[in-house]
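Coordinate inspection notes
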Amino acid sequence: MNAQFKIRTAARMLKKGEVVAFPTETVYGLGANALDANAVAKVFLLKGRPADNPLIVHIGDDRMLATVAGSISPIAKRLMKRFWPGPLTIIFRKKSAVPSITTGGRADVAVRMPKHPVALRLIKEAGVPIAAPSANRSGRPSPTAAAHVLEDFPNLFVIDGGETQHGVESTVISLVGKPAILRLGAISVEEIREIIPAVAVKTRPVGNVAASPGQKYKHYAPSIPLYLFRNADTLKEHVKKDSVILCREQDLKRFTNAVSLGKTNEEIAHNIYAALRTYKNGELLILGVPNKGLGRTVMDRLEKAATAVF
Ligand code: TXA
Ligand code: MG
């Protein structure tokens, strides 16, 4: 099937209330018509996703934004101008056209305009906003290739767009109340601060209170134990016969047989989820990266995926 035909088929399926997987510039999404409660219910069921964990609504243009979100502030407009289409998800007041199942029962809605041409084309052809979480079973690493989607959901209709560009999910920012980053992602905190210098970073629950429901749940777990280290010497003390060591290219020389995750933060972000899915025996020992720019997003994901952090 050629790509155009696959997109057209997927659009038809979405209009009929079915679920399809599609590429975005961050990770693959598991999409359904965001305005169709029955279709959205299928996404929750397929993923095994808790009902209180809301989905991101993907839109193709400003007209579609106006159908799902209200109270669009000047600061939101500046963020959209700078980062849309692209990997920034903004939380707005929800409009009544969006069923409450899509937003996990919340009065606000997370929206993003993806940059991937296949995603944009699909939204346009379907003519409806698409609610899409990452196309992995709940708790597993997000899929950055069509093969990862099929590993978790062998019977799903997937549009193959090759490897995704960023490899980590969108950054989530709330503009309901004081601006706050709720999930680190493909756009760094530093880049957001260029537009909102005082933005808060609330990416971890405080006690039992999570600013975003996704913060409460186990994430990104590989099928074998993963130990994260901040220091190469501590890592070395933990090496066993069946350990696989992963680190930055510039740290390879510290170990006798480590595997490179890439050199720049962009490369490492691009590769990280595929690496977590690759190894199925033994245990992973990963040397952390500096906590700056996209490195901070990579560390956030590794800390959540880890069995233990040393
Ligand atoms: O890059 C991405 O964002 C990918 C692609 C497919 O677009 N999608 C994605 O969706 O990562 P998901 O469902 O895996 O993660 C969405 C996150 C969750 O942590 C969820 O709790 C949070 O966004 N979220 C969604 N709606 C929210 C809302 N109304 N208020 C607070 N947090 C929300
Ligand atoms: Mg996810």
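Whatever comes next refers back to the structure up there.
As a starting point, this report considers the structure included with it. Just so it is clear, the structure is predicted and the values come from calculations on it, not from any experiment. (Residues numbered from 1 in each chain as written. Chains lettered and ligands numbered in written order. Predicted model: local features only at pLDDT ≥ 70, side-chain atom pairs only at ≥ 80, totals over all residues. Heavy atoms only, no water.)

**Concerning the pattern of salt bridges**
Tallying each qualifying case throughout the model produces 22 salt bridges. The partner of Arg82 in a salt bridge is Glu194, with the nearest N and O atoms 3.1 Å apart. With Arg82 in helix H4 (residues 74–83) and Glu194 in the loop between helix H7 (189–193) and strand E10 (200–201), this pair connects stretches of sequence that are 112 residues apart. Measuring nitrogen to oxygen at the nearest pair gives 3.4 Å for the salt bridge that ties Glu151 to Arg140. Here Glu151, found in helix H6 (residues 146–152), pairs with Arg140, found in the loop between strand E7 (130–131) and H6; they are 11 residues apart in sequence, far enough to count as distant. For Glu151, a relative accessible area of 35% gives the class partly exposed. Owing to a relative accessible area of 15%, Arg140 belongs among the buried residues under this scheme. Within this structure, Glu169, Arg204, Arg230, Asp300, Arg301, Glu303 and Lys304 form a network of salt bridges that share partners. (Salt bridge = Lys/Arg side-chain N within 4 Å of Asp/Glu carboxyl O. Helix = DSSP H or I, 4+ residues; strand = E, 2+ residues; numbered from the N terminus. Buried < 20%, exposed > 50% of the residue type's maximum accessible area, 1.4 Å probe, protein only.)

**Concerning the pairing of strand E8 (residues 171–174)**
Alternating positions in E8 separate into two faces, Thr171 and Ile173 on one and Val172 and Ser174 on the other, with burial throughout. In terms of strand pairing, strand E5 (residues 88–94) meets E8 through 4 bridges, oriented parallel. When the bridges of E8 are listed, Thr89 appears paired with Val172. (Pairing = 2+ DSSP bridges.)

**A word on the packing of helix H9 (residues 265–278) against helix H10 (residues 294–305)**
The interhelical angle for the contact between H9 and H10, taken along N-to-C directions, is 20°, at an axis separation of 8 Å. Here H10 runs roughly parallel to H9, going by the angle between their axes. For the pair H9 and H10, the sense of crossing is left-handed. Touching Asn265, Glu266, Ile268, Ala269, Ile272, Tyr273 and Leu276 of H9 are Leu294, Gly295, Val298, Arg301, Leu302 and Ala305, all from H10. (Axes fitted to C-alpha atoms, helices over the stretch in contact; angles between N-to-C directions. Parallel < 35°, antiparallel > 145°, perpendicular 65-115°, else oblique. Left-handed = near helix turned anticlockwise from the far one by under 90°. Contact = heavy atoms within 4.5 Å.)

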